[in-house]
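Listed here are the chains, written in short residue letters.
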Amino acid sequence: MLLLNPKQLGELPLDARSREIVTKTIAFFEAKGKQRLRQDDLDRVWYTDFLDFVKREKVFADLLTPPELGGPDARWDTFRNCYVNEVLGFYGLCYWYTWQVSILGLGPLWMSPNGEMKAKTAAAIAGGGIFAFGLSEKEHGADIYSSSMTLTPKEDGSFVANGSKYYIGNGNEAAIVSVFGKIAGSNDYVFFAADPKRPGYRLVKNVVASQSYVAEFALEDYPVAAGEVLIRGREAWDAALNTVNVGKYNLGWASIGICTHAFHEALNHAAARRLYGMAVTDFPHVARMFVDAWARLVAMKVFAFRASDYLRAASLEDRRYLLYNPLVKMKVTTEGEKVVDLLWDVIAAKGFEKDMVFEMAARDIRALPKLEGTVHVNIALIVKFLANWLFRPAACPEVGRRTGPAHDAFLFAQGPASGLGKIRFHDWAPAFERYARIPNVALFREQLGAFRELVAAAAPSEEQAKDVDLLLAVGDLFALAVYAHLVLEGAEHHGLSDDALDQLFDVFVRDFSAYALKLHERSGATEKQAAMALRLVKRPIFDADRFARIWKDEVFALNDTYRMNE
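Residues numbered from 1 in each chain as written. Predicted model: local features only at pLDDT ≥ 70, side-chain atom pairs only at ≥ 80, totals over all residues. Heavy atoms only, no water.

**Student:** Tell me about the packing of aromatic side chains, and please be specific about residues and values.
**Tutor:** Evaluation of the coordinates by the stated rule reveals 44 aromatic pairs. Summarising the aromatic geometry, the rings of Tyr201 and Phe217 are spaced 4.6 Å apart at their centres and angled 15° between planes, so their arrangement reads as stacked. Of this pair, Tyr201 sits in strand β6 (residues 201–206) while Phe217 sits in strand β7 (residues 214–224); the two residues are 16 residues apart in sequence, bridging distant segments of the chain. For the residue pair Tyr201 and Phe217, the accessibility class agrees, reading buried in each case. With a centroid separation of 4.8 Å and 70° between ring planes, the pair formed by Phe505 and Phe508 is classed as edge-to-face. With Phe505 and Phe508 both in helix α17 (residues 498–521) and three residues apart, the pair spans about one turn of that helix. (Phe/Tyr/Trp six-rings, centres within 6.5 Å; stacked < 30°, edge-to-face > 60°. Helix = DSSP H or I, 4+ residues; strand = E, 2+ residues; numbered from the N terminus. Buried < 20%, exposed > 50% of the residue type's maximum accessible area, 1.4 Å probe, protein only.)

Here you go:
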């Protein structure tokens, strides 16, 4: 079963300790129960019970500590972290969020050459500590060029920090905050460690109405010892971007977890509700919406797992992950919004009720596309890879499925955050050829060919490249092409049937057509571009028997297989 069911986990492909962490985390939430989970959300209760569990079971300590600094099961293993991401998202975004911002806060600490601070960090996480990433600012957002946090040197070799940070998760209770700024009087970037409990660290407020604490804090003549400086110079800049590279991958998994719980609730409700003498799920339009939601959710998970393989296989010579990671962040999270919208259209007013986890999902699913860089920022990033991916395939190492227990050390030694235009990709064509027997895969390949011809014959000019609206339309098409490619690569890993792939690509064909129409409509498009965009518009190949099999055997079969303990 590809979609998570906490009460029917099956054989998780994890080692014993990793399975224990996943199962104990599920047990914690099921024991807490749905009523208390919802009440804590409504009352905006700081999740001390969850953090106590994390400390007691050494969850973060084993999952987020390099092996040389932790216990026998300590490692940063992206594959097993996928499962933890999904489970935390499944039960509530706030629980995932404290994990996510700890990951971001740990990035500069593990990337630092400062051995003393690394040892201190390892001790803090072993003691149940959480962490924070002091990057963004109220006036500048994530524009780190404009950081106004300053570190002023003193004669004794220590420093004094002044400035403020905004939208910093865990900023109230973090054991260590990794703070980004500049050395006063220079453009020399720096990361240093701060402690919220020390004088000079002023917690201004929680900027959101949530269980999570998303802090505005100020450092006011805050003393920083020489030994608390983590990284200086260009390496500090690189560490900021490389940390985001690590963290942004997790957002897709939070979306997958949220959508999966919402899917179970919506299906259970619709199947049990009768209108006009029939079950809601007997209406053809309801079945279509559930099948579309299922197809999108399955694709999200297959893509995110396949992107994990490339992240784990990455090296200074193979940086393909720098295309796939932004897509997990941008594409998977926006697909999550579509999944919840489809389900909400089915259950309607029920989705507002305060005892439904769905009410949380409908609210929280909107956050994920807007964190770690907006969708627009990430599309602008991936468009830099378009020409190499589309036209210049290279002989790259083949990357198989990476599920083994291993420490992903490269994540903390990614090197300079530059040279994106030099990154090359393997040929996408063989994956489409392999599945050309499937009608909608073959049809999508035709669309992709037409897109390739459009870019070859009428690529945006240098002037058009300044038109962000036009660029986003092209970027949506490119993003879906790469997304579909990795779904095909991952299909065998998860035993997707031809029926399932045909249903997924039925959705992809429709989406590609919709994005092509957006490009056609853009005021900045030339007549040639607008005309060629229409060649991408195709109607998916509908197969009533295939749809019926998917609905009966894959989607409706999930009815009443999971309900959270009350």
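Structure's up, so let's keep going.
**Student:** Account for helix α16 (residues 468–491), with residues named and values stated.
**Tutor:** The terminal C-alpha atoms of α16, which comprises 24 residues, lie 34 Å apart, in line with the 34 Å expected from a rise of 1.5 Å per residue. α16 sits mainly inside the fold: 22 of its 24 residues count as buried. The opening residue of α16 is Asp467, an N-cap whose side-chain oxygen sits 3.1 Å from the backbone nitrogen of Asp469. (Expected span 1.5 Å × (residues − 1). Polar contact = N/O pair within 3.5 Å; in protein donor to acceptor, adjacent residues only side chain to side chain.)

**Student:** Which residues make up the pairing of strand β5 (residues 189–194), and what are the values?
**Tutor:** In terms of burial, β5 is a largely internal element, six of the six residues being buried. Looking at chain direction, β5 and strand β8 (residues 229–232) are connected through three bridges and run antiparallel. Bridging from a neighbouring strand, Phe191 pairs with Ile231 of β8. (Pairing = 2+ DSSP bridges.)

**Student:** I'd love a proper account of the environment of Ala304, names of residues and values included.
**Tutor:** Relative to the assigned elements, Ala304 resides in helix α9 (residues 284–312). If sequence neighbours within four positions are ignored, Ala304 has contacts with Tyr249, Trp253, Ile256 and Val328. (Contact = heavy atoms within 4.5 Å.)

**Student:** Give me the pattern of salt bridges: which residues, what numbers.
**Tutor:** This model, assessed by the stated rule, comprises 47 salt bridges. The shortest N-O distance in the salt bridge between Arg36 and Asp40 comes to 3.7 Å. Pair noted here: Arg36 and Asp40 are both in helix α2 (residues 34–43), with a separation of four residues, about one helical turn. Since its relative accessible area comes to 10%, Asp40 is described here as buried. One salt bridge in this structure joins Asp469 and Arg522, with 3.3 Å as the shortest N-O distance. Here Asp469 is found in helix α16, whereas its partner Arg522 is found in the loop between α17 and α18 (527–533), with 53 residues between them in sequence. Take Arg522: its relative accessible area is 22%, and that puts it in the partly exposed class. Sharing partners across several salt bridges, the network here consists of Asp15, Arg75, Asp77, Arg312 and Asp408. (Salt bridge = Lys/Arg side-chain N within 4 Å of Asp/Glu carboxyl O.)

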